[in-house]
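# Structure assessment
For reference, the chains in residue letters:
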Amino acid sequence: ETSPVMRGGDKIEVLVPVGNVDAVPSRFAWQPVPGAIRYRFELLNDEARVVQREVVVDTELTLEGAPTRGVWRVVALDELGGELLSSAATRFEVVD
């Protein structure tokens, strides 16, 4: 079995949260990637430091106590832990 070939411009499509949101996000979700068996989720603060990192098998993650603003990204991993594809760094911010 071979891994799918990804073109250089391909990115994982993130679903939520994106941009301005009306409440502190608890659910982070993205589109599945063919061939991925795990996903590495990273949440970054305003200084671009990773404040939370999780490896999950699903295409979503529930977080308690997420910040009111931040940047997140996800990386699709193959069975050996190799990186298949990543998302763009995606900003979110709670607005009134």
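The structure this text deals with has already been given above.
The structure contained in this document is the topic of the report that follows. Sequence order as written defines the numbering, with residues in each chain counted from 1. Residues qualify for local features only when their pLDDT is at least 70, as the model is predicted, and side-chain atom pairs are given and counted only at 80 or more; totals for whole chains, interfaces and linings, by contrast, use all residues. Water and hydrogen atoms were dropped before computing side-chain values, which therefore reflect all heavy atoms in the structure.

Turning our attention to the pattern of salt bridges. Between side chains of opposite charge, a pair can form when the charged atoms approach closely. Salt-bridge detection follows one rule: a side-chain nitrogen of Lys or Arg within 4 Å of a carboxyl oxygen of Asp or Glu. Applying the stated criterion to the full structure yields 7 salt bridges. Note that R40 and E83 form a salt bridge whose closest N and O atoms lie 2.8 Å from each other. With a gap of 43 residues between them, R40 in strand β4 (residues 38–44) and E83 in strand β8 (residues 83–86) connect regions that are remote in the sequence. Burial here depends on accessible area, computed with a 1.4 Å probe over protein chains only, as a share of the maximum for the residue type. Under 20% is buried, over 50% is exposed, and the range in between is partly exposed. The class of R40 is buried, set by a relative accessible area of 19%. We classify E83 as exposed; its relative accessible area is 55%. Of the charged contacts, one joins E93 and R69 as a salt bridge, the two residues approaching to 4.0 Å between their closest N and O atoms. Taken as a pair, E93 in strand β9 (residues 90–94) and R69 in strand β7 (residues 69–77) lie far apart in primary sequence, 24 residues in all. Its relative accessible area of 41% is what places R69 among the partly exposed residues. Helix and strand labels come from DSSP, where a helix needs a run of H or I of at least four residues and a strand needs a run of E of at least two; each type is numbered from the N terminus.

Okay, the nonpolar core next. It is characteristic of soluble globular proteins that their nonpolar side chains tend to be buried jointly. Within the largest apolar cluster, 19 residues are counted, with the highest numbers of intra-cluster contacts made by F28, W30, Y39, F41 and W72. Put simply, the parts of the chain that give this core at least two residues each are β3 (27–30), β4, β7 and β8. The residues contacting F41, other than those within four sequence positions of it, are F28, W30, Q52, R53, E54, L61, L63, W72, R73 and V74. The criterion is simple. A nonpolar core is a set of buried Ala, Val, Leu, Ile, Met, Phe, Trp, Tyr and Cys residues joined through side-chain atoms within 4.5 Å. We call two residues in contact when some of their heavy atoms are within 4.5 Å.

Turning our eyes to something else, we now look at the sheet that holds strand β6 (residues 60–62). We treat two strands as partners when DSSP finds at least two bridges between them. Strand order in this open sheet of 3 strands is β1-β3-β6, and the pairing throughout is antiparallel. Edge positions in the sheet fall to β1 (14–16) and β6, since each of these pairs with one other strand and no more. Across the sheet, the mean angle from the axis of one strand to that of its neighbour is 15°, orientation sign disregarded. By the bridge criterion, 3 bridges tie β3 to β6 in an arrangement that is antiparallel. Looking at β6, one finds that R27 is bridged to T62. To obtain an axis, a line is fitted to C-alpha atoms, over the contacting stretch when the element is a helix, and the angle between two such axes runs from 0 to 180 degrees between their N-to-C directions.

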